[in-house]
Amino acid sequence: GRARTLTTMRGFDIWNHPMVIKACRVKYRGGTLPMQAGGVLLLLLFGMMLMHRFRADLGGLLWFRNYFIAMFSLQLLISAIIAVSGTSSSLTAEVSKHTLDFQRIAGLSPIQILLGKAFGEPVSAYLFSLVTVPIAVICCVLGGVNPLVAALLYVTLVTSTFMMACKIGRASCRERV
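Residues numbered from 1 in each chain as written. Predicted model: local features only at pLDDT ≥ 70, side-chain atom pairs only at ≥ 80, totals over all residues. Heavy atoms only, no water.

Participant: Can you lay out the overall build of the protein for me, pointing to particular residues and giving the numbers?
Facilitator: The secondary structure content of the protein amounts to nine helices and zero strands. Starting at the N terminus, the α and β elements of the protein follow one another as α-α-α-α-α-α-α-α-α. Taken across its 177 residues, the protein has 36% of its residues classed as buried. The contacts in the protein between residues at least 6 apart in sequence include a share of 78% that link residues at least 24 apart. Total accessible area on the protein stands at roughly 10,800 Å², and carbon and sulfur atoms take up 71% of it. (Helix = DSSP H or I, 4+ residues; strand = E, 2+ residues; numbered from the N terminus. Buried < 20%, exposed > 50% of the residue type's maximum accessible area, 1.4 Å probe, protein only. Contact = heavy atoms within 4.5 Å. Areas by Shrake-Rupley, 256 points an atom, 1.4 Å probe, with all protein chains shown as cover.)

Shown next as structure tokens:
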């Protein structure tokens, strides 16, 4: 029972996956990802200040609820675009350079390659999702958003981002292999 579960869980150690490490180290070396995340947070705070300033014109006392809905909708759209474009371009490049076969030789199963691409390439989408959490907490504290609803929306955001990356990755593999 327990030993089998631990062995299964070690197979899903995604943050030590070679493709995730490659995507984080090679693609974002030089600290560009934290700088981009900080820029996104500053833009979100600026948007919140604008919504607060013009709250009378934009919905009165429920401005933070409207801001949360707008922020979350935009985050869902951006995460989907990053996941689709990152995974698709990565797999296209792997197939055109004939390096996808090297990953198969290295002992990675096709599902491990797909999971590595689905977690590694859209890592910025997952990080940008985390950046919006403090803003969501502020909106929850102000009373415009139920914390349980916000938590379920974030689960939906991460799940949909992952599923978009897997679907596009799977379709790209099927087309080109």
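Participant: With reference to specific residues and values, describe the nonpolar core.
Facilitator: In this structure, Tyr67, Phe68, Met71 and Cys139 are the most contacted members of the largest nonpolar core, which totals 22 residues. Listing elements by their share of this core, those giving two or more residues are helix 3 (32–53), helix 4 (63–96), helix 7 (123–131), helix 8 (133–141) and helix 9 (147–176). Top element by residues in this core is helix 4. It accounts for seven residues. Setting aside residues up to four positions removed in sequence, Phe68 forms contacts with Ala136, Cys139, Val145, Ala150 and Leu153. If you look at the next biggest cluster of nonpolar residues, it comprises seven residues, including Ala83, Tyr126, Phe162 and Cys166. (Core = buried A, V, L, I, M, F, W, Y, C linked by side-chain atoms within 4.5 Å.)

Participant: Let's hear about the packing of helix 3 against helix 7: which residues, and what values?
Facilitator: Two measures define how a pair of helices packs: the angle their axes make with one another and the distance between the axes. The N-to-C vectors of helix 3 and helix 7 enclose an angle of 40°; their axes lie 10 Å apart at closest approach. As judged from the angle between their axes, helix 3 and helix 7 are oblique. Where helix 3 crosses over helix 7, the two elements pack in a sense that is right-handed. On the side of helix 3, the interface is formed by Leu33, Gln36, Ala37, Val40, Leu41 and Leu44, while helix 7 contributes Val123, Ser124, Leu127, Phe128 and Val131. In the contact of helix 3 with helix 7, the residues fall into nine nonpolar, two polar and no charged. (Axes fitted to C-alpha atoms, helices over the stretch in contact; angles between N-to-C directions. Parallel < 35°, antiparallel > 145°, perpendicular 65-115°, else oblique. Left-handed = near helix turned anticlockwise from the far one by under 90°. Nonpolar A, V, L, I, M, F, W, Y, C, P; charged D, E, K, R; others polar.)

Participant: Go over the side chain of Thr161 with me, naming the residues and quoting the values.
Facilitator: For Thr161, the location among the structural elements is in helix 9. Overall, the relative accessible area of 2% leaves Thr161 in the buried class. Reaching out from Thr161, the side chain makes a polar contact with the backbone oxygen of Leu157 at a distance of 2.8 Å. Once residues within four sequence positions are removed from consideration, Thr161 is found in contact with Ser79, Ala83, Ala125 and Tyr126. (Polar contact = N/O pair within 3.5 Å; in protein donor to acceptor, adjacent residues only side chain to side chain.)

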